[in-house]
Amino acid sequence: MIRWAEADDLTALAKIELAADEMFAPLGIVFPPGATMIEECGDPAQVIVAGRPPVGFALLGSVDGEVHLEQLAVHPDHHGRGIGTELLNAVCDTAAAQARAVTLTTFRDVPWNAPWYARRGFAVLPPAEWGAELASLVEHERALGIELAPRVVMRKDP
């Protein structure tokens, strides 16, 4: 079941994000310590969840007037069931209803990152096409130490 989050969901979502992040460790990608993205959110109106209780989520924001996918995470115990695709479809439907594109930043070479998004209609957006907010976001990620492997910006138009 894909739905908008409720305030009670947010605590469980941090655990999902941490568990999903652990999947990167075998690739040598270990995220810097600190609050998770969902812990920094605090607004359930920005989050689409899968399940009750949740097993995955998509955290949305706005960058340069477009919908920006801040985070997509599915608990590893539920991978391979199409939950990520369902969440991504809900994100894209939300954006399309507003005649907006979806942007995101992701790891270029991680199979469940850029290649996965590309199979779902996203294309790499070259830096010359980034707006000011997107460029600032990429720089902010670098400053936080998130660029642990090559990253790309991707976009899907409505």
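Predicted model only: the values in this text are computed from it and were never measured.

Would you explain the pattern of salt bridges in this entry?
Pairing between side chains of opposite charge can happen when the charged atoms of each approach one another. Taken as a whole and judged by the stated rule, the model has 6 salt bridges. We note a salt bridge from E6 to R52, for which the minimum N-O separation is 3.2 Å. Note that E6 is positioned in the loop between β1 (2-4) and α1 (10-21) and R52 in the loop between β2 (47-50) and β3 (56-63), a separation of 46 residues in sequence. For D157, the salt bridge goes to R155, with nearest N and O atoms at 2.6 Å.

How do you make sense of the environment of L59 when you look at a structure like this?
You can see L59 is positioned in strand β3. Looking at L59, the relative accessible area reads 4%, which means it is buried. For the pair L59 and I38, spaced 21 residues apart in sequence, the C-alpha separation works out to 7.1 Å. Sequence-distant contacts of L59, that is, excluding residues within four places in its chain, are made with M37, I38, C41, Q46, V47, H68, L69, E70 and Q71.

When you look at the packing of aromatic side chains in this model, what are you seeing that I'm missing?
The geometry of an aromatic ring pair is captured by the separation of the ring centres together with the interplanar angle, meaning the angle of the planes. On inspection of all chains with the given rule, the structure shows 4 aromatic pairs. Between W116 and Y117 the ring centres are 5.0 Å apart and the planes differ by 80°, which places this aromatic pair in the edge-to-face class. Overall, the relative accessible area of 13% leaves W116 in the buried class. Ring centres 5.6 Å apart and planes at 70° place the aromatic pair Y117 and F122 in the edge-to-face group. A network of ring pairs unites the aromatic residues F24, F107 and W112 as a single cluster.

What is the right way to read the sheet that holds β3 from this model?
Through backbone hydrogen bonds, the strands of a sheet pair up, either in parallel or in antiparallel fashion. The strand order across the open sheet formed by 7 strands is β1-β2-β3-β4-β5-β7-β6, and the pairing between neighbours is mixed. The sheet is open, and its two edges are formed by β1 and β6 (123-124), each paired on a single side. The pairing of β1 with β2 spans 3 bridges and is antiparallel. Note that in β2 the partner of R3 across the bridge is V49. Set on the sheet, helix α3 (residues 83-97) makes contact with β1, β2, β3, β4 (66-74), β5 (102-107) and β7 (151-156); between it and β4 the angle comes to about 165°. The sheet contacts of helix α5 (residues 132-144) involve β3, β4, β5 and β7, and relative to β3 the element is tilted by about 125°.

What is the right way to read the layout of surface pockets from this model?
Summary: where empty space remains is shown by rolling a probe the size of a single water molecule over the atoms. If you add up the space inside the largest pocket, you get close to 1300 Å³. Every residue lining the largest pocket is counted, 50 residues in all, and those nearest its centre are E17, D21, F31, Q71 and L72. At 7 residues, the largest contribution of residues to the lining of the largest pocket is made by β4. Taken together, the residues of the lining of the largest pocket break down into 27 nonpolar, 14 polar and 9 charged.

How do you make sense of the pairing of β7 when you look at a structure like this?
A regular strand places its side chains so that they alternate between the two faces of the sheet. Looking at chain direction, β5 and β7 are connected through 6 bridges and run antiparallel. Following the sheet pairing, V102 is matched in β7 by K156. Here 2 bridges tie β6 to β7, and the two strands are oriented antiparallel to one another. Within β7, the position partnered with V124 by the bridge is M154.

What counts and how
Residues numbered from 1 in each chain as written. Predicted model: local features only at pLDDT ≥ 70, side-chain atom pairs only at ≥ 80, totals over all residues. Heavy atoms only, no water. Salt bridge = Lys/Arg side-chain N within 4 Å of Asp/Glu carboxyl O. Helix = DSSP H or I, 4+ residues; strand = E, 2+ residues; numbered from the N terminus. Buried < 20%, exposed > 50% of the residue type's maximum accessible area, 1.4 Å probe, protein only. Contact = heavy atoms within 4.5 Å. Phe/Tyr/Trp six-rings, centres within 6.5 Å; stacked < 30°, edge-to-face > 60°. Pairing = 2+ DSSP bridges. Axes fitted to C-alpha atoms, helices over the stretch in contact; angles between N-to-C directions. 1 Å grid on protein atoms, 1.4 Å probe; cavity = no way out; pocket = protein on both sides within 12 Å on 5 of 7 lines; lining within 4 Å. Points joined across faces, edges and corners; volume = space filled by probe spheres on them. Nonpolar A, V, L, I, M, F, W, Y, C, P; charged D, E, K, R; others polar.

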